[in-house]
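Overview (structure and organization)
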Amino acid sequence: MRHRPATFAALLGLTRAASAIGDFWVQDDFCAQVKGASDDHPVTYIDPTTEQKTTHGTADGRKACLKHVLSLRLEVEWARRAPRFPSSVA
């Protein structure tokens, strides 16, 4: 237990290094553009197979993402806290 701060610091350093590697050498141009997208300069993507158009970097998109993540979190919490009923065996 005495080495917990050192372990945390080492893991933090490794995740920061992995993040930098991903940002500079792994991600493609589109991912980099979406990271920098804003309401003033949104990024539009057209799927080549379905030709469906999506716009990234808008406040509405961030709200939709947040709503999705919160709904998943609520679903997990409900499943975890729901009473456990025994299955009926006939």
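Placed above this text is the structure.
Residues numbered from 1 in each chain as written. Predicted model: local features only at pLDDT ≥ 70, side-chain atom pairs only at ≥ 80, totals over all residues. Heavy atoms only, no water.

Some points on the pattern of salt bridges
Considering all chains together, one arrives at one salt bridge under this definition. Note that Glu77 is salt-bridged to Arg73, the shortest N-O span being 3.1 Å. A residue pair is termed a helical-turn pair when its members lie 3 or 4 positions apart in one helix, as Glu77 and Arg73 do in helix α3 (residues 59-81) at four residues. What makes Glu77 buried here is its relative accessible area of 16%. (Salt bridge = Lys/Arg side-chain N within 4 Å of Asp/Glu carboxyl O. Helix = DSSP H or I, 4+ residues; strand = E, 2+ residues; numbered from the N terminus. Buried < 20%, exposed > 50% of the residue type's maximum accessible area, 1.4 Å probe, protein only.)

Side note on the pairing of strand β2 (residues 53-56)
Alignment of strand β1 (residues 43-46) against β2, held across four bridges, turns out to be antiparallel. Considered in β2, the bridge of Thr44 is made with Thr55. If you look at the hairpin formed by β1 and β2, you'll find six residues sitting between the two strands, and Glu51 has a positive phi there, around 60°. (Pairing = 2+ DSSP bridges.)

Notes on the packing of aromatic side chains
Within the structure shown, the criterion is met by one aromatic pair. Where Phe24 meets Trp25, the ring centres are 6.4 Å apart and the plane angle is 65°; that geometry is what we call edge-to-face. The exposure classification of Phe24 matches that of Trp25, with both residues exposed. (Phe/Tyr/Trp six-rings, centres within 6.5 Å; stacked < 30°, edge-to-face > 60°.)

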